[in-house]
Amino acid sequence: MARIGFIGLGNMGGGMAANLAKAGHDVRAFDLSQDALDRAKAAGCLPAASAAEAVTDAEFVVTMLPAGKHVRAVYEGEVFGAVPGTALLLDCSTIDVASARAVGAAAQAKGLAMVDAPVSGGIAAANGGTLTFMVGGSAEHFGRAQPILERMGKAVIHAGPLGSGQAAKICNNMLLGATMVATCEAFVMAQKLGLDPQTFFDISSKASGQSWSMTSYCPLPGVGPQTPADNGYQGGFASALMLKDLKLAVEAAQGVDAAVPMGAAAGALYQAFVNAGNGVLDFSGIIRMLAGADGRE
């Protein structure tokens, strides 16, 4: 089993680190939150006093941080100076493509191997070890990262060179955000036209309007499989995080002159939903705002 330095033990990282420890790896974990460190210790990780301490003598380093500025600060400020030259660095944060490539280039300049490996799946998948990883990096580095990532996920896919993981993630989540908005709009309109929600679900989930947002993550409680909608839109994928990903997508699109009118429109709607105080609610909860309840039931 490998020695792994794990930095970032929030809603996603905590479950991911726990799964690595459960698999028998020697996980040295660090987070600024003492509560997060305590949970990691209870899950079998060894708490570290700093990010630098966590990566000392590590064979692999896994980071799960909020934004590009945090990733840059941790790697440039602590990891690069403390990690062995033989270690593989795996950044699983969702950040902008430019930051991912810049940190990767800085690692490469120091003779270090790195991949970007953002995830899809949410908190439940992080805890259950069923995440999907989109990995950017060389084929060699992907091959080294794969056995580690497989302990935390159900699918590990090589997206291309360094930065490609982030590109795939933001494109995927832009599509998800837009289809969720369209799904919510359709349910609201169907009900106002007198259709029973379950009947509409039975029809659309087997017709050309079918999507993951419809069949696997239905935004109405009591319809389809169990989703955060059945728990008051608690848990799942926070609307504030969806807004973050949509902003990253629009920013990336502007950088390559790509037209994303649907992605931009979805971003504007999630901005309004979050501004109304719903950032912690699951992103499917935007159906409340579209139903005319100003973001609340």
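Basis of the calculations
Residues numbered from 1 in each chain as written. Predicted model: local features only at pLDDT ≥ 70, side-chain atom pairs only at ≥ 80, totals over all residues. Heavy atoms only, no water. Phe/Tyr/Trp six-rings, centres within 6.5 Å; stacked < 30°, edge-to-face > 60°. Buried < 20%, exposed > 50% of the residue type's maximum accessible area, 1.4 Å probe, protein only. Domains from an automatic or database assignment. Contact = heavy atoms within 4.5 Å. Buried area = accessible area lost by both parts, 1.4 Å probe. Salt bridge = Lys/Arg side-chain N within 4 Å of Asp/Glu carboxyl O. Polar contact = N/O pair within 3.5 Å; in protein donor to acceptor, adjacent residues only side chain to side chain. Nonpolar A, V, L, I, M, F, W, Y, C, P; charged D, E, K, R; others polar. Helix = DSSP H or I, 4+ residues; strand = E, 2+ residues; numbered from the N terminus. Arc of directions from axis to C-beta. Core = buried A, V, L, I, M, F, W, Y, C linked by side-chain atoms within 4.5 Å. UniProt positions renumbered as here; feature names shortened; annotations may be inferred.

Participant: So what's going on with the packing of aromatic side chains? Which residues, and what values?
Facilitator: In this structure the tally under the stated criterion is five aromatic pairs. A centroid spacing of 4.9 Å and a plane angle of 20° characterise the contact between W212 and Y217, whose relative ring orientation is stacked. Here W212 falls in the partly exposed class, since its relative accessible area comes to 45%. Clustering of aromatic rings is evident, with ring pairs tying together W212, Y217, F237 and F283.

Participant: Give me the domain arrangement of the protein chain: which residues, what numbers.
Facilitator: Taken as a whole, the protein chain is organised into domain 1 (3–161) and domain 2 (167–291). Computed from C-alpha atoms alone, the centre-to-centre distance between domain 1 and domain 2 is 28 Å. Across the boundary between the two partners, domain 1 contributes twelve residues, which contact ten residues of domain 2. Taking both sides of the interface into account, the surface hidden between domain 1 and domain 2 amounts to around 840 Å²; carbon and sulfur atoms contribute 64%. Per-residue buried area on domain 1 facing domain 2 is highest for T94, V97 and M134; these three make up 46% of the total on that side. Counting across the interface, domain 1 meets domain 2 through zero salt bridges. Put simply, domain 1 and domain 2 have four residue pairs in polar contact (both at pLDDT 80 or more) between them. Split into classes, the residues belonging to the side of domain 1 that touches domain 2 amount to nine nonpolar, two polar and one charged.

Participant: Hey, could you go over the environment of L220 for me, with residue numbers and the actual values?
Facilitator: Structurally, the position occupied by L220 is in the loop between α10 (212–215) and α11 (239–255). L220 sits 191 residues away from A29 along the chain, and the two C-alpha atoms are 38 Å apart. Not counting residues up to four positions away in its chain, the partners in contact with L220 are F187, Q191, P197, A229, Y233 and I287.

Participant: Describe helix α2 (residues 34–42), naming the residues involved and giving the relevant values.
Facilitator: Listed as buried for α2 are A36, L37 and A40. The buried residues of α2 occupy one face: seen down the axis, they fall within an arc of 100°. Opposite the packed face of α2, turned more than 90 degrees from it, sit the exposed residues Q34, D35, R39, K41 and A42. Among the structural elements, β2 (26–30) and β3 (46–47) are those in contact with the buried residues of α2.

Participant: Which residues make up the nonpolar core, and what values do they have?
Facilitator: Nonpolar side chains tend to gather and get buried jointly when the protein is soluble and globular. If you look at the biggest cluster of nonpolar residues, it comprises 37 residues, and the most contacted ones within it are F187, M242, Y270, F283, I286 and I287. For this core, the elements supplying multiple residues, two or more each, are α8 (164–192), α9 (197–204), α11, α12 (261–278) and α13 (286–293). Excluding its chain neighbours within four sequence positions, the residues that come into contact with I286 are V181, C184, L269, Y270 and F273. Judged by nonpolar contacts, the second largest core, of 36 residues, contains M12, M16, F60 and A126.

Participant: Explain the UniProt feature "active site" (unreviewed entry) in the protein chain to me, and be specific about the residues and the numbers.
Facilitator: Per the UniProt record, "active site" (unreviewed entry) is found at K169. Take K169: its relative accessible area is 5%, and that puts it in the buried class. Apart from the residues lying within four places of it in its own chain, the contact partners of K169 are T94, P118, V119, M134 and D245.

Participant: Could you give an account of α9, with specific residues and numbers?
Facilitator: Burial in α9 covers these residues: P197, F200, F201 and S204. Projected down its long axis, α9 carries its buried residues within an arc of 100°, all on one side. On the buried face of α9, the contacting elements are α8 and α10. Sitting at the head of α9, D196 places a side-chain oxygen 3.1 Å from the backbone nitrogen of Q198.

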